[in-house]
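Fold and contact review
Chain by chain, the residues:
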Amino acid sequence: MGRGAARSRGPPRLEWWLLLLLGLCGWTAALRGNDNSEALPESIPSAPGTLPHFMEEPDDAYIIKSNPIVLRCKAMPAMQIFFKCNGEWVHQNEHVSEESMDETTGLKVREVFINVTRQQVEDFHGPEDYWCQCVAWSHLGTSKSRKASVRIAYLRKNFEQDPQGKEVPIEGMIVLHCRPPEGVPAAEVEWLKNEEPIDSNLDENIDTRADHNLIIRQARLSDSGNYTCMAANIVAKRRSMSATVVVYVNGGWSSWTEWSNCNARCGRGWQKRSRTCTNPAPLNGGAFCEGMSVQKITCTSLCPVDGSWEVWSEWSVCSPECEHLRVRECIAPPPRNGGKYCEGMSQESENCTEGLCIQDIETASDIALYSGLGAAVIAVAVLVVGVTLYRRSQSEYGVDVIDSSALTGGFQTFNFKTVRQGNSLLLNSSMQPDLTVSRTYSGPICLQDPMDKELMTESSLFNPLSDIKVKVQSSFMVSLGVTERGEYHGKVHSGTFPHGNNRAFGTIQARNKATYIQNLSSISTTSELKTTAIFGHLGGRLVVPNTGVSLLIPHGAIPEESSWEIYLAITQKESSLQPEGPDVLLGPEVTCGPSEVAVSTPFALTIPHCAQVNSEHWNIHLKKRTQQGKWEEVMSVEEETTSCYCLLDPYACHILLNSFGTYALIGEPISDCAVRQLKVAVFGCLSCNSLDYNLRVYCMDNTPYAFQEVVSDERLQGGQLLEEPKLLHFKGNTFSLQISVLDIPPFLWRIKPFTACQEVPFSRVWCSSPKPLHCAFSLERYSPATTQLACKVCVRQVKGHEQILQIQTSILENERETITFFAHDDSNFPAQMGPKAFKIPYSIRQRICATFDTPNAKGKDWQMLAQKNSINRNLSYFATQSSPSAVILDLWEARHQHDGDLDSLACALEEIGRTHSKISDITETEVEEPDFNYSRQNGL
């Protein structure tokens, strides 16, 4: 009221001056104010002229922070100009006026300024905004300007709606909504992509005019990025939360390739065709193609028929050259389907006058030639008769010795005679044996292991199994002698075990090329192959020692605040899984449980196998035993499925599963070239008879579990490993297995009758149970003074692989040098819980997952991580997991449980190029740096 009263006291002097000038005394009562104010008249009488014309009117204004604003008004002709704000006159003291003369018209021009403060606007409380207006007077009357509003400018901090991130398929529409904060004046909106302004005028595909929203009509890969909504007015600028837009590409199958040729040259086989998920390839987390990448169908190839000669024709008429001819054709049958043409001549000629026409022998040289040939024939006949008589005379001693010539001479039957005691025909003891001459053969042999595991007695050797062919080769070797303590020096053939992640044994290192004897004291003889431990949220690893069987439970697979007693066992009794036809049980039957345990992420089960991995020769299946005891197929290794995953390494199969149970691997050979890998090992021990020495040759599946079973049995019998085991590739080509003992020193040792060579039918080897097969050989010394044994054991598949094991040993315990047989460290740590069970520290693992699980426009995501770790098949399985990178790392942990090859993982990450800074060491502690790099020199 006070402020209004002050302003309403207009200029009194002007009022009285106008009243006196015009003589209008009666107007003194026209305008009366109240006690504290007076109102100016709306119009004042003036002399003839024009009304004021506003050259500049007050504009709307905004008060920024606490800075006052200036309102101005300019009119012509004007004697006075006053401001009226919110219906009340502004006091004249608050006006600043300037007066000038218009040079063109000579009229008076007046300009007035006033200040409006923030406090004045805040103190005003009315139905409308704070406003001000100019009133100008001239001789003719008054004029009013427009009303100018005055507002306090502001911009709130929070957006009413932030844009939200989206994942959009390529060519889809992207709409990002943005509602800026409330403000006066209203904020203007600008969009940024990766901190760069977006100009919709330069890209017709983008529209930013629709109510502050950003619209991309057809998404392109280049549209992936971080989008930010910027709001600004005269007071401030505000940034919204960034919205990540990912434009992904779903994978599409390429066209099928042509069907391959039938893999079987004869009979039933298979053909396959393939396609790849590259049309297009999945990108930025796009879905992997659904369906099979490989299709197989059965096919039948016509078997090749080799040609055969028909019978010879009749002889032709004798020609003038004293010859007649006869011919034959290769038509009985003719070669078909790529069969071989007949071998030999299709035409034959001979003299038809019984030599009466011969005209060739006309010179002395020809006569000498034929005479020499006749003499040679007679000499050979005499030599043969002499050798025959000599061999008969030597057969009295009953020594049946087989040297390396038996391999080229074949197998012949031989009738043994009884041994004469006190034979005086032993060779001079000073003569040394020559064992440096050797020939390399390859081959394994296996006979069914007796159920009672007892050593085959001599009587049993004379009664071989009904379906085993026994063949004996008799030969003679000289240049060997006997000494009080015979020493034989020969070249020891070195060898190594097959390399792989699941070898449960190491290479034997011979000391001074001495006897190969295994120290079996570290091998467990327990009858139960089972490991148990209690696991919780941190996960861990279970290992059945020296078997290659392990179970990896990832971190977080078991819910927090819960724990389970997990067990892992191998079925030692005869398996209930009986493969059909030529199918083979490739490894042990493994049980993990309990079955009621539910895991949130897949666990990794590792089972060793004995197949030589080749998808063209094997079709390998994973089977599971149901609660009813029946076996059902879970998947084929080559199958594309999202229920589980199988990764087949050369010596083990790593399986990602979601449920516990009993599992086994079955191999279905699809060609004759399918190879089952057998390990050949030779053990020896003295028998009850002090002169006898027993050799036992085992053929077993090339798995650590099978070898441990043999080692445990031999330890109970006192057997010693005599030579490093060797690997035999046994093909599924229906050919049998042969085993023989070669190069036994004559007159020092002899072999028992009917045991020099044994043959095992193909079906007994191929379709045998997982129990190992073995053959027993009994050797007898002529004298107790003989303490050294040097010979060879040949194991071979007919028309297949062969192996020679060089035996050189002392039969006396105190002279035998023990060579330690190393096993994996898992024998000491069958169960590991928590971080110690994993090669990759958890903090590093978390950052790897966070890096590769996030889609990237350059394709550097978990799919590339899988590719760099040789995981190229069935990627759709990983796409269904909540963290594909975590499952890939679990598979890496299972594959590298023994070597902990962090270097290979570091190389893979370096190649991908997703690393940023260096980590100097890998320890089991937390790493504090926010970024990481994997250094090959430091492990990861």
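Just so it is clear, the structure is predicted and the values come from calculations on it, not from any experiment. (Residues numbered from 1 in each chain as written. Predicted model: local features only at pLDDT ≥ 70, side-chain atom pairs only at ≥ 80, totals over all residues. Heavy atoms only, no water.)

Attention now moves to the overall build of the chain. Looking only at helices and strands, one finds 13 helices and 51 strands in the chain. Per-residue burial for the chain yields a buried fraction of 46% across its 940 residues. Contacts in the chain between residues at least 24 apart in sequence constitute 72% of all its contacts with a sequence separation of at least 6. When the accessible area of the chain is evaluated, it comes to approximately 47900 Å², of which 50% is carbon and sulfur surface. (Helix = DSSP H or I, 4+ residues; strand = E, 2+ residues; numbered from the N terminus. Buried < 20%, exposed > 50% of the residue type's maximum accessible area, 1.4 Å probe, protein only. Contact = heavy atoms within 4.5 Å. Areas by Shrake-Rupley, 256 points an atom, 1.4 Å probe, with all protein chains shown as cover.)

Backbone torsion omega between Met76 and Pro77 reads -15 degrees, so that peptide bond is classified as cis. Note that Pro77 resides in the loop between strand S3 (69-76) and strand S4 (80-85). Of the consecutive residues Ala332 and Pro333, the connecting peptide bond is found in the cis state with omega at -5 degrees. Locating Pro333 in the fold gives a position in the loop between strand S24 (323-327) and strand S25 (347-351). The phi dihedral of Asn194 is positive, around 50 degrees, even though this residue is not glycine.

Counted at 1.5 Å a residue, the expected span for helix H12 (residues 884-895) with its 12 residues is 16 Å, and the 17 Å between its end C-alpha atoms agrees. Turning to H12, its buried residues number three or more, namely Pro884, Ser885, Ala886, Val887, Ile888, Leu889, Asp890, Leu891, Trp892, Glu893, Ala894 and Arg895. (Expected span 1.5 Å × (residues − 1).)

Applying the stated rule across the entire model yields 14 aromatic pairs. Aromatic pair Tyr645 and Tyr877: ring centres 5.8 Å apart, planes at 35 degrees, arrangement tilted. Residue Tyr645 is located in strand S37 (residues 645-648), and its partner Tyr877 is located in helix H11 (residues 876-879); the two are separated by 232 residues in the primary sequence. Taken as a pair, Tyr645 and Tyr877 share a single burial class, namely buried. On the basis of an interplanar angle of 90 degrees and a centroid distance of 5.7 Å, the ring pair of Phe683 and Tyr698 is categorised as edge-to-face. Of this pair, Phe683 sits in strand S40 (residues 675-686) while Tyr698 sits in strand S41 (residues 692-701), and the two are 15 residues apart along the sequence. Accessibility expressed as a relative area gives 0% for Phe683, which makes it buried. Grouped by ring-pair contacts, the aromatic residues Trp618, Phe730, Phe762 and Trp766 constitute a single cluster. Sitting over the ring of Trp131, Lys147 keeps its end group 4.1 Å from the ring centre. (Phe/Tyr/Trp six-rings, centres within 6.5 Å; stacked < 30°, edge-to-face > 60°. Lys NZ or Arg CZ within 6 Å of the ring centre and 35° of its normal.)

Enumeration over the complete set of coordinates arrives at 23 salt bridges. As a salt-bridge pair, Arg179 and Glu160 come within 2.9 Å of each other at their nearest N and O atoms. Taken together, the positions of Arg179 in the loop between strand S13 (174-176) and strand S14 (183-184) and Glu160 in the loop between strand S11 (154-155) and strand S12 (166-169) put the pair 19 residues apart, joining distant regions of the chain. A single salt-bridge network, built from bridges that share partners, covers Glu56, Arg72 and Glu111. (Salt bridge = Lys/Arg side-chain N within 4 Å of Asp/Glu carboxyl O.)

This part is about the sheet that holds strand S34 (residues 603-608). Strand order in the open sheet formed by six strands is S37-S38-S34-S30-S29-S51, with antiparallel pairing between adjacent strands. Across the chains shown, the open sheet's two edge strands, defined by having one partner strand only, are S37 and strand S51 (831-833). Adjacent strand axes in the sheet meet at a mean angle of 10 degrees when their direction is disregarded. As paired strands, S37 and strand S38 (residues 652-657) are joined by four bridges and run antiparallel to one another. Residue pairing across strands places Cys646 opposite Ile655, the latter belonging to S38. (Pairing = 2+ DSSP bridges. Axes fitted to C-alpha atoms, helices over the stretch in contact; angles between N-to-C directions.)

Further remarks concern the environment of Tyr698. Here Tyr698 falls in the buried class, since its relative accessible area comes to 2%. Along the chain, Tyr698 and Ala776 lie 78 residues apart, while their C-alpha atoms are 8.8 Å from each other. For Tyr698, the side chain forms a polar contact with the side chain of Glu714, separated by 2.5 Å. (Polar contact = N/O pair within 3.5 Å; in protein donor to acceptor, adjacent residues only side chain to side chain.)

In total, this model carries seven disulfides according to the counting rule given. A sulfur-sulfur distance of 2.5 Å marks the disulfide that ties Cys73 to Cys134. Taken together, the residues Cys73 in strand S3 and Cys134 in strand S8 (residues 130-137) connect sequence positions 61 residues apart. When its relative accessible area of 0% is taken as the criterion, Cys73 is described as buried. Sulfur-sulfur distance for the disulfide between Cys85 and Cys132 comes to 2.1 Å. With the S-S bond torsion at 105 degrees, the cross-link from Cys85 to Cys132 turns out right-handed. (Disulfide = S-S within 2.5 Å.)

To continue, consider the pairing of strand S10 (residues 148-152). Here S10 shows a clear split, with Ala148, Val150 and Ile152 buried on one side and none of Ser149 and Arg151 buried on the other. Note that strand S2 (residues 61-63) and S10 share three bridges and pair parallel. From the neighbouring strand, Tyr62 faces S10, where its bridge partner is Arg151. In the sheet, S8 pairs with S10 via three bridges, with the strands oriented antiparallel. Bridge pairing in S10 places Tyr130 opposite Val150.

With that settled, the discussion passes to the sheet that holds strand S6 (residues 96-101). Each strand in a sheet pairs with another by means of backbone hydrogen bonds, the pair being arranged parallel or else antiparallel. An order of S1-S3-S7-S6 is seen for the four strands of this open sheet, with the pairing classed as antiparallel. The open sheet has two edge strands, strand S1 (53-56) and S6, and neither has a second partner. Direction aside, the axes of adjacent strands within the sheet are offset by 25 degrees on average. Relative to strand S7 (residues 108-116), S6 runs antiparallel, the two sharing six bridges. Within S7, the position partnered with Glu99 by the bridge is Arg110.

Buried within helix H13 (residues 902-912) are the following residues: Leu902, Leu905, Ala906, Cys907, Ala908, Leu909 and Ile912. Residues of H13 that are buried sit in contact with helix H9 (842-852), helix H10 (862-868) and H12. Following H13 by one or two positions, Gly913 has its phi on the positive side, about 80 degrees.

So, on to the nonpolar core. Ranked by internal contacts, the top residues of the largest apolar core, which has 72 residues, are Leu551, Leu568, Phe777 and Val795. Other than its neighbours up to four places away in sequence, Phe777 contacts Tyr693, Asn694, Leu695, Val697, Ile739, Val741, Ile751, Thr755, Ala756 and Gln758. In this structure, Cys277, Phe288, Trp862 and Trp892 belong to the second largest nonpolar core, which totals 34 residues. (Core = buried A, V, L, I, M, F, W, Y, C linked by side-chain atoms within 4.5 Å.)

For Ser885, the position within the fold is in helix H12. On the basis of relative accessible area, Ser885 is assigned to the buried category, the value being 0%. With residues up to four places along the chain from it excluded, the contact list for Ser885 reads Cys849, Phe852, Asp853, Trp862 and Leu865.

Close contact between H9 and H12 brings their axes to 8 Å; oriented N to C, the two are set at 135 degrees. Considering the angle they form, H9 stands oblique to H12. For the pair H9 and H12, the crossing hand works out as right-handed. Between H9 and H12, the residues in contact are Arg845, Ile848, Cys849 and Phe852 and Ser885, Ala886, Leu889 and Asp890, respectively. Taken together, the residues of the contact of H9 with H12 sort by class into five nonpolar, one polar and two charged. (Parallel < 35°, antiparallel > 145°, perpendicular 65-115°, else oblique. Left-handed = near helix turned anticlockwise from the far one by under 90°. Nonpolar A, V, L, I, M, F, W, Y, C, P; charged D, E, K, R; others polar.)

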